[in-house]
Amino acid sequence: MIVEPKVREFICTTAHPEGCRENVRNQIAYVKAQKIDGAPKKVLIIGSSTGYGLASRITAAFGCHAATLGIMFEKAAAGKRTATPGWYNTAAFEEEAAKEGLYAKTINGDAFSKEVKEQAIAMIQKDLGKVDLVIYSLAAPRRTDAQGKTWVSSLKTTDQPFTEKSLDLKNNTIVTKTVEPAQEGELEGTIKVMGGEDWMDWMDALKAADVLEKDAVTVAYSYIGPELTYPIYFDGTIGQAKKHLTKTAHEINEKYSDVQAYISVNKALVTQASAAIPIVPLYFAILYKVMKKQGNHEGCIEQITRLFKDRLSQENVPVDEEGRIRMDDWELSESVQKEVMECWEKVTTENVGEISDIEGYWEDFYHMFGFHFDDIDYTKDIDVEVKIPSLA
Ligand code: NAD
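Residues numbered from 1 in each chain as written. Predicted model: local features only at pLDDT ≥ 70, side-chain atom pairs only at ≥ 80, totals over all residues. Heavy atoms only, no water.

Chemist: Even after reading the chapter, I still don't get the nonpolar core, so can you show me in this structure?
Modeler: One recurring pattern in soluble globular proteins: nonpolar side chains tend to sit buried together. Judged by nonpolar contacts, the single largest core of 132 residues is most densely connected at Leu44, Trp199, Trp202 and Leu206. Residues in contact with tryptophan 199, not counting those within four places in the same chain, are Tyr136, Thr218, Val219, Ala220, Leu245, Thr248, Ala249, Ile252, Ala261, Tyr262 and Ile263. (Core = buried A, V, L, I, M, F, W, Y, C linked by side-chain atoms within 4.5 Å. Buried < 20%, exposed > 50% of the residue type's maximum accessible area, 1.4 Å probe, protein only. Contact = heavy atoms within 4.5 Å.)

The structure is reproduced here in structure tokens:
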């Protein structure tokens, strides 16, 4: 089948297996060129197939030679429908890991469920004994909790409507967008899905089964961003969920003296999860332009390699006053933010191509789904039914 991108606003409904492989290979090549000391050896990654979780898995495996168990929620190809990019990424990852003799297995299922937690624990007991690092990198629209209640996450403000400039992804024009305040139950739902309750459930389950090494580390990913996006992000429903996640890190540390829980506040990057947040894509496109110009732009793999290399491997992991690891240090630096805000004031439909890196934004977007890679022949007929070795 010839696979072409089918883009609907912030989602692409097709994925290219060869392009996804290229994406994974590029990340592996980057990581292999780095030197990471004091590395984890057995790593559980919850949300391992795309974005920051995939970058974490690649860094652990190819930077630290770690065995990795990944948890993801992806779809295989069915008839004329391609698989999701996370499916193809994981197939490519496992194949590359096998070439280097690295243990890599994956569970495809709902990480929020008790069954997947039990399955993961059984696999750790059988194959790895214990794990020394747990990465929590879920970005999900809903969660069914242990009582069977389904909670839905929303991207809303928590008080007033918020009106700002926004990039219309359908035609790259600058429009004005209003984000409405959360309705009854929406804030609670977002905290239930994207807050720390499930992270704590995972840590409780892993601890109860005695599958965590002494002094194991666990890291969950968060975001803060500039004041400009506070109403929709930091002070919005998602920001409240992230505050809950930070609180959970402290609770894990208090509950388990031989576990170190961290929040890593990462940089804004185009991923399937972040592309869906209103107003934020325009900020991303401007940020990319400024950071590329200043020479400090990073993608997921550069961020996570730096997290492992310069933060997690330190005897005293550098944290801010709230105990958080700050990988958004360069994004939020004064020089970057000053220039971003100047561009934000000036940006219009006429100058958006010049003032922002809209091309870079779209390039990252297409790459996520395996498109726009120079070395891939997209006119070639390909088999979209790809098997993930550990799931075959
Ligand atoms: P993503 O959409 O690329 O990845 C989400 C991952 O979660 C995928 O592997 C997916 O398969 C998995 N997943 C989703 N629902 C699942 C379920 N029910 N069961 C099992 N797996 C499930 O997202 P991302 O942007 O990499 O986000 C990961 C984390 O990083 C989130 O906590 C996000 O808030 C945070 N973060 C993102 C950014 C950004 O700009 N993208 C910045 C800072 C922090």
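Chemist: Is there a simple way to think about the environment of glutamate 298 in this case?
Modeler: Inspection of the secondary structure assignment puts glutamate 298 in the loop between α8 (280-294) and α9 (300-312). Taking C-alpha positions, glutamate 298 is 12 Å from tyrosine 52, a pair spaced 246 residues apart along the chain. With residues near it in sequence (within four places) discarded, glutamate 298 still touches Lys267, Leu269, Gln303, Arg306 and Trp330. Within the structure, glutamate 298 has its side chain in polar contact with the side chain of glutamine 303 (distance 2.7 Å). (Helix = DSSP H or I, 4+ residues; strand = E, 2+ residues; numbered from the N terminus. Polar contact = N/O pair within 3.5 Å; in protein donor to acceptor, adjacent residues only side chain to side chain.)

Chemist: Explain the site of the ligand to me, please; I cannot follow it from the model alone.
Modeler: Ser49, Glu74, Ala111, Lys242 and Thr271 are the nearest of the 29 residues found near the ligand. Taking tyrosine 52, its main chain carries an N or O atom lying 2.8 Å from an oxygen atom of the ligand. Glutamate 74 is positioned such that a nitrogen or oxygen atom in its side chain is 2.8 Å from an oxygen atom of the ligand. Considered on its own, the ligand offers 830 Å² of accessible surface; in the complex 93% of this is hidden by protein. Among the elements of the structure, α2 (51-64) and β11 (212-222) are those that each provide at least two residues to the shell around the ligand. Its residues assigned to classes, the shell around the ligand shows 13 nonpolar, twelve polar and four charged. (Near = heavy atom within 4 Å. Areas by Shrake-Rupley, 256 points an atom, 1.4 Å probe, with all protein chains shown as cover. Nonpolar A, V, L, I, M, F, W, Y, C, P; charged D, E, K, R; others polar.)

Chemist: What's the story with the sheet that holds strand β5 (residues 104-108) in this structure? I'm lost.
Modeler: What the seven strands build is an open sheet, ordered β5-β4-β3-β6-β11-β12-β13; its pairing is parallel. Each edge of the sheet is formed by a strand with only one pairing partner; in this case those strands are β5 and β13 (325-326). The sheet contact formed by strand β6 (residues 131-136) and β11 spans five bridges and is parallel. Looking at β11, one finds that tyrosine 136 is bridged to alanine 220. Each of β3 (42-46), β4 (67-72), β6, β11 and β12 (259-265) is contacted by helix α6 (residues 197-208), which is oriented at about 170° to β11, the strand it contacts most. (Pairing = 2+ DSSP bridges. Axes fitted to C-alpha atoms, helices over the stretch in contact; angles between N-to-C directions.)

Chemist: I keep staring at the environment of valine 336 and nothing clicks. Help me out?
Modeler: In this fold, valine 336 is placed in helix α10 (residues 334-346). We classify valine 336 as buried; its relative accessible area is 0%. C-alpha separation for the pair valine 336 and valine 290, spaced 46 residues apart in sequence, amounts to 6.4 Å.

Chemist: Is there a simple way to explain the packing of helix α1 (residues 17-32) against α9 in this structure?
Modeler: Two quantities define a packed helix pair, namely the angle between the axes and the distance from one axis to the other. The geometry of α1 relative to α9 is characterised by a closest axis approach of 10 Å and an angle of 30° between their N-to-C directions. Where α1 crosses over α9, the handedness of that crossing is right-handed. On α9, the residues touching Gln27, Tyr30 and Val31 of α1 are Ile301, Glu302 and Thr305. For the contact of α1 with α9, the class distribution of residues is three nonpolar, two polar and one charged. (Left-handed = near helix turned anticlockwise from the far one by under 90°.)

Chemist: Teacher, can you tell me more about the packing of aromatic side chains here?
Modeler: Each aromatic ring pair is characterised by the separation of its centres together with the angle its planes make. Going through the model one piece at a time under the given rule, you end up with twelve aromatic pairs. For the pair tyrosine 223 and tyrosine 233, a centre-to-centre distance of 4.9 Å together with 90° between the ring planes defines the contact as edge-to-face. Of this pair, tyrosine 223 sits in the loop between β11 and α7 (237-255) while tyrosine 233 sits in the loop between β11 and α7; the two residues are ten residues apart in sequence, bridging distant segments of the chain. Its relative accessible area of 10% is what places tyrosine 223 among the buried residues. (Phe/Tyr/Trp six-rings, centres within 6.5 Å; stacked < 30°, edge-to-face > 60°.)

Chemist: What exactly am I supposed to notice about the pairing of β12 here?
Modeler: The two faces of a sheet get side chains in turn, since along a regular strand they alternate between them. The buried fraction of β12 amounts to six of the seven residues, a majority that puts the element mostly inside the structure. Taken together, the seven bridges between β11 and β12 define a ladder with parallel strand orientation. From the neighbouring strand, valine 217 faces β12, where its bridge partner is glutamine 260. Since β11 and β12 lie parallel, the crossover through α7 that links them has a hand, and here it is right-handed. Direction of pairing for β12 relative to β13: parallel, over a ladder of two bridges. When the bridges of β13 are listed, valine 265 appears paired with arginine 326. (Right-handed = clockwise from strand over helix to strand, strands pointing away.)

Chemist: It is not clear to me how α6 should be interpreted in this structure. Could you clarify?
Modeler: The periodicity of an α-helix, 3.6 residues per turn, causes residues three or four positions apart to be oriented the same way. Relative to the 16 Å expected for twelve residues at 1.5 Å per residue, α6 spans 16 Å between its end C-alpha atoms, a close match to the ideal helical length. Phi for aspartate 210, located one or two positions after α6, is positive at around 55°. (Expected span 1.5 Å × (residues − 1).)

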